[in-house]
Amino acid sequence: MTLIKVEDQKELVSTSQYKYATFPFEKFNQVQSRVLEFVEKDCNVIIAAKTSSGKTISAEIILSHAIRNGGKGMYLAPLKALASEKADDWSDK
C-alpha cells in the first residue's frame, strides 16, 4: 500500500461544480477542494486536519460517492454529540 500525503489545495473549487448537493457557501475551503480530486479514485482516504477545517463535509462527499456506487464507508467522530448529530442529519431524507 502506498501512502500519499497531500497539502491543502491553493485554488478553491466552486461548490456549484459538485452536482450531488448544494451548500450555503460559494467555494469549498482548501481541505475540501483537495479532497474532491480523490472522490472518484479507487483509494482509501484519511483526513487529518485541524478543527473547523471542513473534515465533515469532506467525509460526506467521499462517503456519498461510495454509497452511490454500491460501496461502504466509515465515519469516526471525536465526540458522541457530533456522532449523534451526523446520524440524525444522515437519517433525514
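To start, this report covers the structure provided alongside it. Starting from 1, residues in each chain are numbered consecutively following that chain's sequence as written. The predicted nature of this model means local features are confined to residues of pLDDT at least 70 and side-chain atom pairs, given and counted, to a pLDDT of 80 or more, with totals for whole chains, interfaces and linings taken over all residues. Excluded from the side-chain calculations are hydrogens and water; all other atoms, namely the structure's heavy atoms, are used.

**Topic: the overall build of the protein chain**
We count it as follows: Under the DSSP-based scheme used, a helix requires at least four consecutive residues in state H or I and a strand at least two consecutive residues in state E, with every element numbered from the N terminus. Using C-alpha atoms as the atom set, the radius of gyration is obtained and then compared with a globule rule of 2.2 Å times the number of residues to the power 0.38. When accessible area is computed with a 1.4 Å probe and restricted to protein chains, residues below 20% of their type maximum are described as buried, those above 50% as exposed, and intermediate ones as partly exposed. We call two residues contacting when some pair of their heavy atoms lies within 4.5 Å. Charge counting treats Lys and Arg as positive and Asp and Glu as negative, with His and both chain ends excluded. Charge positions are represented by NZ for Lys, CZ for Arg, CG for Asp and CD for Glu.
Within the protein chain, the secondary structure is distributed over 3 helices and 0 strands. Along the chain direction, N to C, the helices and strands of the protein chain fall in the order α-α-α. By the compact-globule yardstick of 12 Å for 93 residues, the protein chain fits well, its C-alpha radius of gyration being 13 Å. Taken along the three principal axes of its C-alpha coordinates, the protein chain extends 35 × 35 × 30 Å. Here the protein chain, with 93 residues, has 22% of them falling under the buried criterion. Across the protein chain, every contact between residues at least 6 apart in sequence was considered, and the portion connecting residues at least 24 apart equals 36%. Both charge centroids of the protein chain, one from 13 positive and one from 12 negative side chains, sit 3 Å from each other.

**Topic: the side chain of H65**
By the secondary structure assignment, H65 is in helix 2 (residues 55-68). Non-local contacts of H65, meaning those with residues more than four positions away in its chain, are made with V39 and E40.

**Points about the packing of aromatic side chains**
Short version of the rule: Ring geometry is summarised as follows: Phe, Tyr and Trp rings, the Trp one being its six-membered ring, pair when their centres sit within 6.5 Å, and such pairs are stacked at plane angles under 30 degrees, edge-to-face over 60 and tilted between the two. Consider the ring centre and the ring normal. A charge sits over the ring if Lys NZ or Arg CZ is within 6 Å of that centre and within 35 degrees of that normal.
For the structure shown, the criterion picks out 6 aromatic pairs. With centroids separated by 5.1 Å and ring planes inclined at 70 degrees, the aromatic side chains of F23 and F28 adopt a geometry described as edge-to-face. What makes F28 buried here is its relative accessible area of 0%. Seen from their ring centres, F25 and F28 are 6.2 Å apart, and the 75 degrees between their planes marks the pair as edge-to-face. Grouping aromatic residues by their ring pairs yields a cluster made of Y18, Y20, F23, F25 and F28. The ring of Y20 is capped by R68, whose NZ or CZ atom sits 3.4 Å from the centre of that ring.

**Focus on the pattern of salt bridges**
Two side chains that carry opposite charge are able to pair once their charged atoms sit near each other. Basically, it comes down to this: Any carboxyl oxygen of Asp or Glu within 4 Å of a side-chain nitrogen of Lys or Arg constitutes a salt bridge here.
Using the criterion set out here, one finds 3 salt bridges in the structure. Between E60 and K86 there is a salt bridge, with the nearest N and O atoms lying 3.2 Å from each other. Note that E60 is positioned in helix 2 and K86 in helix 3 (residues 80-91), a separation of 26 residues in sequence. Overlapping salt bridges bring together E60, K86 and D89 as one network.

**Here we look at unusual backbone geometry**
Its identity is not glycine, yet S52 carries a phi of approximately 65 degrees, on the positive side. Following the sequence through the fold, S52 ends up in the loop between helix 1 (30-35) and helix 2. Judged by its relative accessible area of 74%, S52 falls in the exposed class.

**Quick look at the nonpolar core**
For the record, the criterion: Take the buried Ala, Val, Leu, Ile, Met, Phe, Trp, Tyr and Cys residues and link them wherever side-chain atoms come within 4.5 Å; each set so joined is a nonpolar core.
Counting 6 residues, the largest nonpolar core consists of V13, Y18, F23, F28, V39 and I61. The contacts of F28, once residues within four sequence positions are left out, are L12, V13, S14, T15, Y18, F23, S33, L36, I57 and I61.

**Description of the environment of K50**
Summarising the element assignment, K50 is placed in the loop between helix 1 and helix 2. Using a relative accessible area of 65% as the deciding quantity, one classes K50 as exposed.

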